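Here's the letter readout for the chains.
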Amino acid sequence: MTEKSRASDDDKSPEMKQEMPPEKPDEVKVFGTLPYLTKKLGVDPVMFGYLQTTFAVVQLAGGPLFGQFGDKMGGQAAMMLAFFSASLSYLLLGMSGTFLMLFISRLPSVFMHAMQAGQMIVTDTSSEKDRAGALGMLGLSYGVGMVIGPFIGGLVIKFFSEQSAAYTSFLGSLLSVYLTWQFIPQKTKRIVVTSEATAPGALFLLTVRALAGIPIGVFQSMFSVVAMETFKLLPEQNGYMMSYVGILTMIVQGLGVKVLTKKFSENDILKWSSFLLVWSYLALAFVKDIFQMCLVMTPLVVGLASSNIVISSALTRTVSALDTGVMLGLNMAVNSFIRSLSPTVGGYLLQYFGFPVFGYLGFTMLSFVTILLFIKFRE
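Reference entry: report on the structure contained in this document. Please read these numbers as outputs of a predicted model, since none were measured by experiment. (Residues numbered from 1 in each chain as written. Predicted model: local features only at pLDDT ≥ 70, side-chain atom pairs only at ≥ 80, totals over all residues. Heavy atoms only, no water.)

### Looking at the nonpolar core
Okay, so step 1: Within the largest apolar cluster, 57 residues are counted, with the highest numbers of intra-cluster contacts made by F219, Y281, L284, M293, M297, F355 and F358.
Okay, so step 2: If you list the elements that add at least two residues to this core, you get α8 (131-159), α10 (202-221), α11 (223-229), α12 (235-263), α13 (266-284), α14 (290-316), α15 (324-353) and α16 (356-376).
Okay, so step 3: Per element, the largest residue contribution to this core is 12 residues, and it comes from α14.
Okay, so step 4: Ignoring sequence-local partners within four residues, the contact set of Y281 consists of A212, P215, I216, L300, L304, F358, G359, G362, F363 and L366.
Okay, so step 5: Grouped together as the second largest cluster of nonpolar side chains are 11 residues, F83, A117, I121 and V177 included. (Core = buried A, V, L, I, M, F, W, Y, C linked by side-chain atoms within 4.5 Å. Buried < 20%, exposed > 50% of the residue type's maximum accessible area, 1.4 Å probe, protein only. Helix = DSSP H or I, 4+ residues; strand = E, 2+ residues; numbered from the N terminus. Contact = heavy atoms within 4.5 Å.)

In structure tokens:
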């Protein structure tokens, strides 16, 4: 055995991985801090999956409680709580030197619901007619953050360390607490309702959200694996692909939905976006290369972004103006529930059935959802 081969074998041993200094990315990549930090601490993919599941379960539990807090205390207090929880989570993440500390750093995320807080504020300050468009613009702003944030994190990791990236997020979250206190009104609800309101249609909308969300949740949980194993993408190419999807989502949310809601009813948008998803998922099952993937992702993103925003807008009208936060919390809880199950389900499907199963799963479930919608909203 040559010296080179012995060195290669040594590099693969767990002991050496723990003793060696962390690898730094050769280029600035669009990834989060957590994967790099878990790699540095020698956390295997299975334990990383448990960590991600813990995050999803914690957020699942916190969403409705956070919504109720926002309804009682106001949008400003809810947003400040979300960013304070984020700052505490990032601080603990930066201090993490063991898997136990990584696990503990996920716990403050129980109230880390800045997107939900933003939806609550937009819902309170917009009319029912303009609400879907306003929620779309909110999604656009968060999309910008999702593109810029990982890029900055990549720079910090490259030139400093994983912990430095976590501390940068900690400081950014604290700054966001201050900005919220300065610029968001303490009370954002403008309508006071004295009578108790019911929620007609809420269960149906949440069911549609769950059924339509399962296929994309399962696919997203395995996308990095699919990119590496099926399409043989390098890490930076995977990052470019995710950026493409992010930018496309921003365009649809910020511009597309606003245009659509002016020309069509929300019921029509919901029906036809679901119909579009049926055939997008079927096309996904036959994708053979990354170029075809980019083509298929375009109608897939259009359908998903449109339906998600319309459902969020419709849900806020099923309850009293005093209870919109709780309803948005339930809406977020559906997403968290899907995220908690998706990695396990996605891993099983990919292992035993291969990549096309994600397209067939989406085709089957969205066909059922589309039939439900056309029956429910028939003229």
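### Describing the side chain of S342
Okay, so step 1: Within the secondary structure, S342 is located in helix α15.
Okay, so step 2: Polar contacts involving the side chain of S342 include one to the main-chain carbonyl oxygen of G217, which spans 3.4 Å.
Okay, so step 3: Each residue touching S342, except ones within four places of it in the same chain, is listed here: G217, V218, S221 and G347. (Polar contact = N/O pair within 3.5 Å; in protein donor to acceptor, adjacent residues only side chain to side chain.)

### With respect to helix α6 (residues 99-106)
Okay, so step 1: Those residues of α6 not exposed but buried are L102, S105 and R106. Seen end-on, α6 carries its buried residues on one side only, within an arc spanning 105°. (Arc of directions from axis to C-beta.)

### Topic: the packing of aromatic side chains
Okay, so step 1: Applying the stated criterion across every chain yields a total of 14 aromatic pairs.
Okay, so step 2: Between the aromatic rings of W279 and F363, the centroid separation amounts to 5.9 Å while the plane-to-plane angle is 55°, which identifies the pairing as tilted. With W279 in helix α13 and F363 in helix α16, this pair connects stretches of sequence that are 84 residues apart.
Okay, so step 3: With relative accessibility at 24%, the residue F363 sits in the partly exposed group.
Okay, so step 4: Look at F286 and Y360: their rings are 6.2 Å apart centre to centre, the planes differ by 85°, and that puts the pair in the edge-to-face class. Pair noted here: F286 is in the loop between α13 and α14 and Y360 is in helix α16, with a separation of 74 residues, a long-range link.
Okay, so step 5: Taking the relative accessible area as the measure of exposure, Y360 reaches 39% and is therefore partly exposed.
Okay, so step 6: In textbook terms, an aromatic cluster arises when at least three aromatic residues are bridged by ring pairs, as seen for F219, F223, F231, F355 and F358.
Okay, so step 7: A cation sits over an aromatic face here: K376 above F204, 5.2 Å from the ring centre. (Phe/Tyr/Trp six-rings, centres within 6.5 Å; stacked < 30°, edge-to-face > 60°. Lys NZ or Arg CZ within 6 Å of the ring centre and 35° of its normal.)

### Some thoughts on the pattern of salt bridges
Okay, so step 1: Within this structure, the stated rule accounts for 2 salt bridges.
Okay, so step 2: As a salt-bridge pair, E266 and R317 come within 2.8 Å of each other at their nearest N and O atoms. Here E266 is found in helix α13, whereas its partner R317 is found in the loop between α14 and α15, with 51 residues between them in sequence.
Okay, so step 3: We classify E266 as buried; its relative accessible area is 15%.
Okay, so step 4: The partner of D268 in a salt bridge is K271, with the nearest N and O atoms 3.5 Å apart. A residue pair is termed a helical-turn pair when its members lie 3 or 4 positions apart in one helix, as D268 and K271 do in helix α13 at 3 residues.
Okay, so step 5: Residue D268 is classed as partly exposed on the basis of its relative accessible area of 25%. (Salt bridge = Lys/Arg side-chain N within 4 Å of Asp/Glu carboxyl O.)

Any link to function would need more than the numbers given here.
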